[in-house]
Every structure is written in structure tokens, then in C-alpha cells.
Amino acid sequence: MDTTERGTRIQDLIGKYPQKESAVLPVLQLLQKEGGNYLSKEAMEVAARELGCSASRVYGVATYYSMFNTKPVGKYHLQVDTCVPGFLHGADDIAAHISKKLGIEPGETTKDGLFTLSKVQDLGSCATGPVVQVNDRYFENMTAEKTDQLLEALKNGGWPDNDTAMKVVSKCGILLNDRSRKDCRTLALYKKNGGYQALETALSMKPEAIVAEVKAAEVRGRGGAGFPAGTKWSFLPKDDPRPVYLICNADEGEPGTFKDRQIMEFNPHLLIEGIAISAQALNSAKAFIYIRGEFSWIADILETAIGEANQAGYLKHVDIVVHRGAGSYVCGDETAQIESLEGKRGNPRVKPPFPANSGLYGCPTVVNNVETLSSVPYIINNGAAGFKEIGVANNYGPKIFGVSGHVNQPGIFEYPMGTPLQEILEAAGGVKGNLKGVIVGGLSVPILTAEEAKGLNLDYDSCARAGTALGSGGIMVVNDTVSIPELALRTIEFYEHESCGQCAPCRKGTHTIKSKLRDLVMGRGKSDDIDLVLSLCKNIKGLTLCPTGEAFAAPVQAMVAKFRAEFEALVKR
């Protein structure tokens with residue numbers, strides 16, 4: 001594009017935000033795409049001029065997020081997800097196959113400049129792994145044969161189709177729709193099935209009445225913490241002249257988690273209606289969907305759906321902006337996400353003040369998860385009492401569970417809260433091999449042994465009693481072919497890579513734990529290393545600004561403590 005067109009597009013991006021520096025990420029994304037997937041120093045200087053900020057500010061942002069390539073890469077950047085779900089699905093073999101086929105190691109580029117190979121951490125494609133991301137496209141369910149076909153197609157300038165096949169079951173029929181229909185994303189089909197009736201009802205209600213209904217429904221936040229959404233809404237200050245902002249947290253970076261993607265990709269109007277109702281309840285005229293940057297095609301789907309809803313007149317009271325992240329697990333934390341939305345490095349804030357009083361641009365802000373907001377239309381249509389007919393006491397409503405790892409039919413399952421784990425595993429075709437352990441709430445929760453998992457019901461309270469957490473509902477099944485020390489090493493490698501570095505216990509702790517676990521796995525560890533890892537995990541909890549400290553300490557501690565014999569067997573004699 002020429003200079004004039006580029007300037008126009010940059011100004012269009014800036015115009016979406018109350019403060020122009022919030023457009024740093026989208027402007028850098030535009031310039032990187034223009035630069036052939038490379039963000040040069042000159043491009044960063046262009047961004048700084050257009051945004052009216054310093055070049056150092058832009059550079060600081062660009063070097064924080066993993067999706068910005070500040071060094072040249074090949075025409076096709078092959079990124080293999082080798083995080084825990086990918087590891088369980090054989091991603092290492094795919095990475096090795098590509099490496100051998102192209103004659104390059106991860107981090108290298110072929111001599112003709114066509115391919116760069118990288119290993120990356122968690123692409124949110126857990127049931128459909130191994131996954132290879134090529135620039136901004138996903139290729140899932142990869143095998144050696146499919147990989148060869150992909151490479152050959154790319155060499156010839158083509159793009160093969162993506163295989164997204166997985167098991168999909170919706171027992172509740174509330175959050176997941178019929179994705180087999182080509183028109184599943186359209187406004188016409190959504191309206192035909194009763195869509196936007198809840199919004200019409202909500203627009204006739206007083207905001208406080210909507211809040212009261214959601215509060216009475218006791219819908220607990222589906223992002224992981226399980227805090228009641230209605231209670232969170234009620235924390236907003238009353239009669240405050242400042243604008244209220246609503247942020248939909250669609251960053252979905254927790255390994256093992258891929259539930260929000262299903263709603264946004266196949267049922268986008270459900271989320272948009274939930275946001276529109278919530279904005280009415282909160283008196284918010286501006287809402288943001290902060291979506292992880294890797295989901296570029298899903299962001300396009302959301303923008304198309306928002307355009308449809310706007311044209312139909314459903315969003316007269318709220319402006320919804322899709323804001324694409326750029327690769328940062330920590331930006332799943334609400335204060336880090338707010339910092340990122342303001343065009344900064346995604347470092348968590350000190351609390352208090354809390355976002356409800358001083359969030360985005362120093363204004364009252366509510367941050368809710370995709371699945372949480374998508375539950376709101378059902379609550380308005382059926383009332384709190386109708387919502388509470390689903391699930392169990394203190395854990396109401398539908399829940400989406402993503403199952404990956406060693407099951408015969410990995411996939412996505414919408415069941416009532418409180419459903420037995422065994423029922424979900426049977427729906428996923430049963431365990432492949434002999435069950436060794438299971439992680440039920442995303443990588444950040446403690447693993448359960450096969451014995452501990454017996455009789456477990458999947459709700460917040462039952463999981464807590466079992467010594468773990470429901471978290472995001474990302475279930476990773478581990479059979480007896482897996483080395484738990486290797487699993488623990490993969491776990492800490494993810495968190496070390498994703499640590500923002502702001503808090504020393506996280507920055508130094510992840511590095512030290514990774515070093516000790518690697519020594520053990522490589523056969524050069526000592527018995528004292530096991531005790532040091534346990535001690536660090538025990539003492540790091542509660543010492544970081546965001547939950548990342550506990551997110552790595554809890555699972556690693558559980559793996560080492562529950563399977564200690566495997567670690568001791570690796571100690572150098």
C-alpha cells in the first residue's frame with residue numbers, strides 16, 4: 001500500500017479508541033503485515049509518528065509481545081505448538097519431521113528464505129493437535145503425510161484446507177450451536193432460533209433490574225476464578241460521571257482451554273447479544289472484545305457479525321470494538337489486559353485500586369469471560385430460576401468442557417455444571433490406554449491421579465474438595481505412556497516463556513525450576529533438586545501481582561509431590 005493509503009488505514013484504527021495510544025497493537029499488526037511478516041525499525045518509527053508517542057514506547061511494546069517479528073522471518077513462518085496439549089498429541093514428532101524435511105532447526109530459516117521454523121507455546125487448538133500455524137493460518141490434526149502436503153502446497157504458492165475435525169456434543173444446547181450448517185454464523189439463522197429476543201427484553205428493563213437478575217442467577221465467571229458475575233457488576237460505583245467500559249476477555253491463553261473459541265467462531269451473535277445486554281445493564285457505551293492475536297480469522301468473524309448486528313439496529317446503545325492481542329499469556333489477567341488495551345506492555349497492576357473503580361483509562365471497568373457473557377441471554381430469556389434449573393447448587397448453568405490428550409475422541413462438550421468427569425470422558429470416547437492422571441481445569445490447576453479422579457463431579461466446589469480447581473474446564477487426559485517429569489518440564493517451560501518478568505518470584509522462580517527439572521529429565525539432577533523445586537513452589541504462591549505465580553507453582557508442586565518416585569528414579573547415582 002502507498003503512504004497515503006497506509007496513513008488513512010492507521011487513522012481509521014486510531015479512531016476506534018477513546019485514546020489514540022490504544023491503537024499501538026493494531027497499528028503494529030498492520031505494519032508487520034505490510035512488511036511481509038516483519039516489523040522493522042522503520043515501521044516502528046512510522047507507528048510512533050502516527051500515534052504521537054516516542055519510538056522507545058513503541059519498541060517496548062513490540063518487543064514484549066511474541067507475535068511481533070522484530071527480526072526477519074521466511075515467507076512462511078511455520079510455528080509448531082509443543083506445549084502440553086500438543087506434547088500429548090505428538091507435536092514433537094511433527095516438529096522433528098519438518099526440521100528433517102527442510103534441513104533446518106527451530107529458529108532457523110531455509111537458505112531460499114521460504115520457510116522459518118519455530119516451536120511455540122499453546123495456540124488454543126488443544127483437541128485438534130498437532131497444530132502448525134503458518135503466518136496467520138492454522139493447520140490442525142497434522143500428521144507427517146499432511147505436513148508433507150502442506151509444505152508442497154506452500155512451495156507452489158497454494159494453501160491446503162484445514163482439518164478441524166473433533167467430537168462436538170451439546171447436551172444443554174445453549175452455548176454451542178449446529179456448526180455443521182454453513183450459515184451457522186449468520187444473523188438470519190441466529191434470529192430464526194430466537195436470537196436477540198433477550199436483548200429486546202433487556203432494553204425494556206432498567207439496568208439495575210438486569211444486574212439483579214444476573215446476580216440472582218448466581219452465574220459464576222467461566223474464565224477460571226469462578227467469581228459470581230452479578231456480584232462483580234454490583235461493585236461499579238453508583239452515580240459516577242465517568243464512562244463505564246466493558247471488556248470481554250477472549251484472550252484464552254490457558255493451555256488445555258479452547259472453549260471460548262467455539263462460541264466466537266461458530267456462534268458469534270450469542271456473544272454479541274450477551275455483550276449488548278451486559279452493556280445495557282452497566283450503562284456502558286463502549287465495549288471491547290480482547291481476542292488473542294493468533295485467532296485472526298475468528299476476529300474477522302466477530303467483526304462481520306458486529307457489522308450485521310449494527311446494520312440491524314441492535315447496537316445503537318453500545319459500540320463494540322474487536323481488539324486483537326499479540327501473544328501474551330499474562331494478558332489474560334484483567335489488569336494486564338487493561339494495560340495492553342491502553343497500548344502498553346501487558347504488565348499486571350497493583351490492586352487496589354480495582355478495575356471496577358479505576359480500570360481502563362482510569363474509569364470504572366468490568367472484565368468478563370466470553371462464556372460468562374454468552375450465558376447472559378439465556379438468563380434474561382428464562383430468568384434466574386430457569387438458569388438455576390441447570391447444574392447443581394452453587395454451580396448453576398451450562399459449562400463447556402474441552403477434552404484433549406489421551407482420549408479416543410478429543411473435542412468440546414457442553415454439559416450442566418456438576419456433570420461427573422467419567423461421563424465427559426465417556427462422551428470423548430473413553431481413555432486411550434491406562435489413565436495415569438488428569439488435569440481438569442487448564443494447565444494451571446493441580447493434576448489428579450487416576451485414583452483421585454474417581455467419582456469427581458465437574459463443578460467449582462467438588463473440584464476444590466478434591467484438591468484441584470475447575471478453572472477453565474480444559475481437561476487434559478494423561479495415560480501411562482507419559483513421563484510426569486517431562487510433563488512437569490513442559491509445564492514450567494510454558495510459564496517461564498510467558499512470565500512478563502515484572503515480579504522476581506515469577507521471573508526467577510520459573511527459570512530456576514525449569515533449570516532443575518531439565519537437569520532431572522536429562523539425568524544430571526540431584527535429590528536436593530526435587531526438594532528445592534517443591535520449596536520454591538510452596539513459597540512463590542501469593543507473592544506475585546497476578547495469578548501466574550500460583551498458576552505454575554500449583555501444578556508443578558502437585559506433579560512432583562504425587563509422582564515423586566518418577567523424579568527420584570532420574571536422580572544421578
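Residues numbered from 1 in each chain as written. Predicted model: local features only at pLDDT ≥ 70, side-chain atom pairs only at ≥ 80, totals over all residues. Heavy atoms only, no water.

**Student:** What's the story with the overall build of the protein chain in this structure? I'm lost.
**Tutor:** Broken down by element type, the protein chain carries 25 helices and 18 strands. The C-alpha atoms of the protein chain give a radius of gyration of 23 Å, which matches the 25 Å a tight globule of 573 residues would have. Dimensions of the protein chain, computed from the C-alpha atoms along their principal axes, are close to 70 × 60 × 45 Å. Among the 573 residues that make up the protein chain, the fraction classed as buried is 58%. (Helix = DSSP H or I, 4+ residues; strand = E, 2+ residues; numbered from the N terminus. Rg over C-alpha atoms; globule rule 2.2 N^0.38 Å. Buried < 20%, exposed > 50% of the residue type's maximum accessible area, 1.4 Å probe, protein only.)

**Student:** What is the right way to look at the nonpolar core in this model?
**Tutor:** For soluble globular proteins, nonpolar side chains are generally found buried alongside one another. Grouped together as the largest cluster of nonpolar side chains are 67 residues, with contacts concentrated most on M264, L271, I275, I289, I291 and I320. With 9 residues, the single largest contributor to this core is helix α13 (residues 268-282). Leave out the neighbours within four places in its chain, and I275 touches L246, C248, A287, I289, I320 and L373. With 41 residues, the next largest nonpolar core counts A23, V24, M44 and Y290 among its residues. (Core = buried A, V, L, I, M, F, W, Y, C linked by side-chain atoms within 4.5 Å. Contact = heavy atoms within 4.5 Å.)

**Student:** Please clarify how unusual backbone geometry should be interpreted in this entry.
**Tutor:** Where the residue is not glycine, phi is negative for most of them; where a peptide bond is considered, it is trans in most cases. Here the amide bond leading from G129 into P130 is cis, since omega sits at 0°, within 30 degrees of zero. Within the secondary structure, P130 is located in the loop between β2 (115-120) and β3 (132-134). Following P352, the chain continues into P353 via a peptide bond in cis, with omega recorded as 5°. Turning to its location among the elements, P353 is positioned in the loop between α15 (334-341) and β9 (365-369). Within the chain, N37 stands out as a residue other than glycine whose phi angle is a positive 70°. Position of N37 among the secondary structure elements: in the loop between α2 (24-34) and α3 (41-51). Take N37: its relative accessible area is 17%, and that puts it in the buried class. With a phi angle near 60°, D122 is a residue other than glycine that sits in the positive phi range. Inspection of the secondary structure assignment puts D122 in the loop between β2 and β3.

**Student:** Just to check I follow, could you spell out the pairing of β2 for this structure?
**Tutor:** Extensive coverage of β2 is indicated by the burial of 5 of its 6 residues. Sheet topology note: the strand β1 (residues 76-81)/β2 ladder contains 6 bridges and is parallel. When the bridges of β2 are listed, H77 appears paired with T116. (Pairing = 2+ DSSP bridges.)

**Student:** Got a minute to help me understand the side chain of E252 in this structure?
**Tutor:** Along the chain, the position of E252 falls in the loop between β6 (244-250) and α12 (259-266). For the buried E252, no salt bridge is present, and the opposite-charge side chain at shortest range is K259, 4.9 Å distant. Within the local environment of E252, its side chain forms a polar contact with the backbone nitrogen of K259, the two atoms lying 3.0 Å apart. Here the side chain of E252 touches R261 through a polar contact of 2.9 Å, landing on its backbone nitrogen. Not counting residues up to four positions away in its chain, the partners in contact with E252 are T257, F258, K259, D260, R261, R292 and F295. (Lys, Arg positive; Asp, Glu negative; His and termini not counted. Salt bridge = Lys/Arg side-chain N within 4 Å of Asp/Glu carboxyl O. Polar contact = N/O pair within 3.5 Å; in protein donor to acceptor, adjacent residues only side chain to side chain.)

**Student:** I tried to follow the domain arrangement of the protein chain on my own but got confused; where do I start?
**Tutor:** A common way to report how large an interface is uses the accessible area buried once the components associate. Looking at the assigned domains, one finds that the protein chain contains domain 1 (3-62), domain 2 (76-155), domain 3 (169-388), domain 4 (391-479) and domain 5 (484-568). Centre-to-centre separation of domain 2 and domain 5, based on C-alpha positions: 27 Å. Contacts between domain 2 and domain 5 engage 7 residues on the former and 8 residues on the latter. Area buried by domain 2 at its contact with domain 5 is led by V84, F87 and Q121, which between them contribute 73% of it. (Domains from an automatic or database assignment. Buried area = accessible area lost by both parts, 1.4 Å probe.)

**Student:** I'm lost on the packing of aromatic side chains in this one. Help?
**Tutor:** Aromatic ring pairs are described here by two measures, namely the spacing of the ring centres and the angle between the planes. Tallying each qualifying case throughout the model produces 18 aromatic pairs. Look at Y76 and W159: their rings are 5.6 Å apart centre to centre, the planes differ by 80°, and that puts the pair in the edge-to-face class. Taken together, the positions of Y76 in strand β1 and W159 in the loop between α7 (144-155) and β5 (167-170) put the pair 83 residues apart, joining distant regions of the chain. The ring of F401 is capped by K399, whose NZ or CZ atom sits 5.7 Å from the centre of that ring. (Phe/Tyr/Trp six-rings, centres within 6.5 Å; stacked < 30°, edge-to-face > 60°. Lys NZ or Arg CZ within 6 Å of the ring centre and 35° of its normal.)

**Student:** Would you take a moment to explain α12 for this structure?
**Tutor:** An α-helix turns once per 3.6 residues; consequently, residues spaced three or four apart project the same way. Judged by how many residues are buried, α12 sits mostly within the fold: 8 of 8 residues are covered. Among the residues making up α12, those that are buried are K259, D260, R261, Q262, I263, M264, E265 and F266.

**Student:** Teacher, can you tell me more about the sheet that holds strand β7 (residues 284-291) here?
**Tutor:** Strands pair in a sheet through their backbones, by hydrogen bonds, and they do so in one of two ways: parallel or antiparallel. Ordered by their spatial adjacency, 4 strands build an open sheet running β8-β7-β6-β9, and the pairing between neighbours is parallel. Both outer strands of the open sheet, β8 (319-324) and β9, are each paired with one neighbouring strand and no more. Strand-to-strand twist of the sheet, defined as the mean angle between neighbouring strand axes without regard to direction, takes the value 20°. Bridging between β7 and β8 involves 6 bridges; their strand directions are parallel. Pairing of F288 across the sheet is with V321, part of β8. In the packing of helix α14 (residues 296-311) onto the sheet, the strands contacted are β7 and β8, and the crossing angle to β8 comes to about 170°. Seen against the sheet, α15 touches β6, β7, β8 and β9 and runs at an angle of roughly 110° to β6. (Axes fitted to C-alpha atoms, helices over the stretch in contact; angles between N-to-C directions.)

**Student:** Would you mind showing me how to read the packing of helix α6 (residues 91-102) against α7 here?
**Tutor:** The angle between the axes and the distance between the axes are what describe a pair of packed helices. One can describe the packing of α6 onto α7 by two numbers: an axis separation of 10 Å at closest approach and a directional angle of 45°. Taken together, the axes of α6 and α7 lie oblique to each other. α6 and α7 meet at a crossing whose hand is right-handed. Of α7, the residues touching α6 (which contributes I94, H97, I98, K101 and L102) are A144, T147, D148 and L151. The residue makeup of the contact of α6 with α7, split by class, is 5 nonpolar, 2 polar and 2 charged. (Parallel < 35°, antiparallel > 145°, perpendicular 65-115°, else oblique. Left-handed = near helix turned anticlockwise from the far one by under 90°. Nonpolar A, V, L, I, M, F, W, Y, C, P; charged D, E, K, R; others polar.)

**Student:** Would you take a moment to explain the sheet that holds β1 for this structure?
**Tutor:** With mixed pairing, 4 strands are arranged side by side in an open sheet as β2-β1-β3-β4. One side of each edge strand has no neighbouring strand; the edge strands of this open sheet are β2 and β4 (137-139). When strand polarity is set aside, the average angle formed by the axes of neighbouring strands in this sheet is 25°. Of the pairings in the sheet, the one linking β1 to β3 comprises 3 bridges and is antiparallel in character. Across the sheet, Q79 pairs through a bridge with Q133, a residue of β3. On top of the sheet, α6 reaches β1, β2 and β3; it is set at about 150° to β1, its chief contact.

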